[in-house]
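What follows is each chain in one-letter form.
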Amino acid sequence: MNIFKLFYHIVVGLMGRLHVYEERTGKYLSYFKHYVSNARVIVDVGCGAGAFSRALARQGRLVIALDIEERLLREIENPYIEKVCADAHHLPLRDGSVDCVLCLSLLEHLKKPEKCVEELYRVLKYGGTAIIQLPNLQYPFEPHTKWPLLCLMPKKLQLRILKMIGYSYINMEVTIKNALSMFQKADFKLKKTMKVYHLDIMKLLPIAPAYIFIFEKSI
């Protein structure tokens, strides 16, 4: 085991004991659930195994659980959820057809996140809401890998570390600043910014490990 891998296992072992992500679904819902209370059609883009889709599904509302991984969609069973296997860069939905779009921890995994943002805008109705959650890739401990100061390392070293720990693709260009610029260019209007902390001690820093943004497609 080389020094990189040894260091990684030490850091992850320490972080793992804190169970910082065990309550992720409930925590995130507490931030944005009231913004979707009146939505009749919601699309959860990059839904994974559908934790948020299931939490929001109810009678009188259609939730579209959309993901590129069909095996993950198979885990979702709910009469108020429509499962769609599709690419987030090309949403198979009509213009202005949904009241609310969820995009939680997805953009940083896309090759062309700006294309996804354009698609979110396209499928939303005017006056509709986009709920976006973004891990802060410039946080001292990168939220996915827990690797310290990953954002400051040369790109080749970043790729080496990701490959070494067997982690999926992370687009390190999707910083909070760059992401907000993408939504501005797509004509979204930012309504609210919320910092998300997994531990109280994290509040000692001026930046948060994750953010939730509420955008509106204005008329």
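Given the structure is predicted, the values throughout are model-derived calculations rather than measurements.

1. Describing the packing of aromatic side chains
- By the definition in use, this model includes eight aromatic pairs.
- Arranged with centres 6.3 Å apart and planes meeting at 15°, the rings of Tyr 28 and Phe 52 form a pair that is stacked. With Tyr 28 in helix 2 (residues 24-32) and Phe 52 in helix 3 (residues 51-56), this pair connects stretches of sequence that are 24 residues apart. You'll find Tyr 28 and Phe 52 in the same group, each marked buried.
- Seen in terms of ring centroids, Phe 32 and Phe 52 are 6.2 Å apart; in terms of plane orientation they differ by 40°. Their pairing is tilted.

2. What to know about the nonpolar core
- Counting 48 residues, the largest nonpolar core has Leu 107, Leu 120, Ile 132 and Phe 188 as the members making the most contacts within it.
- Of all the secondary-structure elements, those providing two or more residues to this core are strand 1 (41-45), strand 2 (62-67), strand 4 (98-104), helix 5 (113-123), strand 5 (124-135), helix 6 (155-164), helix 7 (176-185) and strand 7 (210-216).
- Among the elements that take part in this core, helix 5 stands out by supplying five residues, more than any other.
- Ignoring any residue separated from it by four or fewer positions in sequence, one finds Ile 132 in contact with Cys 103, Leu 107, Leu 120, Phe 183, Tyr 211, Ile 212, Phe 213 and Phe 215.

3. Describing the confidence of the model for the chain
- Taken as a whole, the chain shows an average pLDDT of 90; of its residues, 89% reach a score of 70 or greater.
- Below pLDDT 50 for its whole length, residues 14-22 participates in seven contacts with residues either more than four positions away or in separate chains.

4. Here's the deal with the sheet that holds strand 4
- Read across the sheet, seven strands follow the order 3-2-1-4-5-7-6 without closing on themselves; strand pairing throughout is mixed. The two strands at the open ends of the sheet, each matched to only one other strand, are strand 3 (81-85) and strand 6 (189-196). Each neighbouring strand pair of the sheet contributes to a mean axis angle of 15°, computed without reference to strand direction.
- One ladder, built from seven bridges, connects strand 6 with strand 7; its direction is antiparallel. If you follow Leu 190 over to strand 7, its bridge partner there is Phe 215.
- Lying over the sheet, helix 5 contacts strand 1, strand 4 and strand 5, oriented at roughly 150° with respect to strand 5.

Reading the values: rules and limits
Residues numbered from 1 in each chain as written. Predicted model: local features only at pLDDT ≥ 70, side-chain atom pairs only at ≥ 80, totals over all residues. Heavy atoms only, no water. Phe/Tyr/Trp six-rings, centres within 6.5 Å; stacked < 30°, edge-to-face > 60°. Helix = DSSP H or I, 4+ residues; strand = E, 2+ residues; numbered from the N terminus. Buried < 20%, exposed > 50% of the residue type's maximum accessible area, 1.4 Å probe, protein only. Core = buried A, V, L, I, M, F, W, Y, C linked by side-chain atoms within 4.5 Å. Contact = heavy atoms within 4.5 Å. pLDDT = per-residue confidence, 0-100. Pairing = 2+ DSSP bridges. Axes fitted to C-alpha atoms, helices over the stretch in contact; angles between N-to-C directions.

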